[in-house]
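Fold and contact review
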Amino acid sequence: MTTQNPRRVKTGVVRLSYANIWKPRAAEAGQEPKYSVSLIIPKTDKTTLAAIKAASDEALKEGITRKWGGKKPANLKLPLRDGDVDRPDDEAYAGAWFLNTSAKKKPLILDADRNEVYDESEVYSGCYARAIIECYPFDVSGNRGVAVNLQAIQKIRDGEPLGGAQVSASDFDDEDDI
């Protein structure tokens, strides 16, 4: 599942959540806007989880030698999080691991046939996709760890949309005419 770069991973099928992949968005006021998505990975997908762990370990080694003065940080932050522990009230994360990934550059967005997708309604929070991600070490304001850069998304199939009510033109009827 990895490519030539040991910190790069092509995931198996994951579910997209908090998909800000069409327009960059700042997480907090004053921060640089980025493209981002949370990848929900089934705990049964041992191949993807092992590939992410290996890529994260490679980024950790690089961080120790190039960023953190030869030592593993005591406050180390790693990308994989347990959905059952960190999001117990969100059924979309049940039985899954997840990681948050972002990028300054817009990710490549493809359909199942590897055609570029331009329609924002086609790839959304809740659909199923594969992703190409790259782990890298970070050291920002005393926070140290491994972060994940989003490079590409390939939609595999539709899924129940996550978050927010879905609205269509049929929600307006003739009674609303003035």
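Please refer to the structure placed before this passage.
Computed from a predicted model, the values in this text were never measured in an experiment.

Regarding the layout of surface pockets
- In this structure, the largest pocket occupies an estimated 1,100 Å³ of space.
- As for the largest pocket, its lining consists of 28 residues, and the residues nearest its centre are Ala27, Gln31, Lys34, Asn100 and Ser102.
- Among the secondary structure elements, those contributing two or more residues to the lining of the largest pocket are strand S2 (14-25), strand S3 (34-42), strand S5 (96-103), strand S7 (128-140) and strand S8 (143-157).
- Grouping the constituent residues of the lining of the largest pocket by class yields 13 nonpolar, eight polar and seven charged.
- Of the pockets and cavities examined, the second largest pocket occupies roughly 200 Å³.
- For the second largest pocket, the full set of lining residues is Arg15, Ser17, Tyr18, Asp90, Glu91, Ala92, Tyr93, Ser125, Leu162 and Gly163.
- Of the residues belonging to the lining of the second largest pocket, the class tally is four nonpolar, three polar and three charged.

What to know about the pairing of S5
- As paired strands, S3 and S5 are joined by eight bridges and run antiparallel to one another. Within S5, the residue paired with Ile40 across the bridge is Phe98.
- For strand S4 (residues 81-82) and S5, the ladder comprises two bridges, and the chain directions are antiparallel. Each residue of the ladder has a partner; that of Arg81, found in S5, is Phe98.

Remarks on the packing of aromatic side chains
- All chains considered together, the criterion is met by one aromatic pair.
- Consider the rings of Tyr93 and Phe98, whose centres lie 5.0 Å apart with planes at 80°: the pair is edge-to-face. With respect to class, Tyr93 is no different from Phe98; both count as buried.
- The residue whose ring lies beneath Lys43 is Trp97, and the NZ or CZ to ring-centre distance is 5.7 Å.
- Sitting over the face of the ring of Tyr128, Arg157 holds its NZ or CZ atom 4.3 Å from the ring centroid.

Topic: the nonpolar core
- Ranked by internal contacts, the top residues of the largest apolar core, which has 31 residues, are Leu16, Ile21, Leu39, Val123 and Ile133.
- Mapped by element, the contributors of at least two residues to this core are S2, S3, helix H1 (46-66), S5, S7 and S8.
- If we skip the residues at most four places from it in the chain, Ile21 touches Tyr35, Ser36, Val37, Lys106, Pro107, Ile109, Val123, Leu150 and Ile153.
- Membership of the second largest hydrophobic core comes to five residues, among which are Ile40, Tyr93, Ala96 and Phe98.

Side note on unusual backbone geometry
- In the Ramachandran plot, Tyr18 falls in the positive-phi region, its phi being about 50° despite a non-glycine side chain.
- Mapped onto the fold, Tyr18 is located in strand S2.
- Not every positive phi belongs to a glycine, and Arg114 is a case in point at roughly 70°.
- Looking at the element boundaries, Arg114 is found in the loop between strand S6 (108-110) and S7.
- On the accessibility criterion, Arg114 (67% relative accessible area) is exposed.

The rules we used
Residues numbered from 1 in each chain as written. Predicted model: local features only at pLDDT ≥ 70, side-chain atom pairs only at ≥ 80, totals over all residues. Heavy atoms only, no water. 1 Å grid on protein atoms, 1.4 Å probe; cavity = no way out; pocket = protein on both sides within 12 Å on 5 of 7 lines; lining within 4 Å. Points joined across faces, edges and corners; volume = space filled by probe spheres on them. Helix = DSSP H or I, 4+ residues; strand = E, 2+ residues; numbered from the N terminus. Nonpolar A, V, L, I, M, F, W, Y, C, P; charged D, E, K, R; others polar. Pairing = 2+ DSSP bridges. Phe/Tyr/Trp six-rings, centres within 6.5 Å; stacked < 30°, edge-to-face > 60°. Buried < 20%, exposed > 50% of the residue type's maximum accessible area, 1.4 Å probe, protein only. Lys NZ or Arg CZ within 6 Å of the ring centre and 35° of its normal. Core = buried A, V, L, I, M, F, W, Y, C linked by side-chain atoms within 4.5 Å. Contact = heavy atoms within 4.5 Å.

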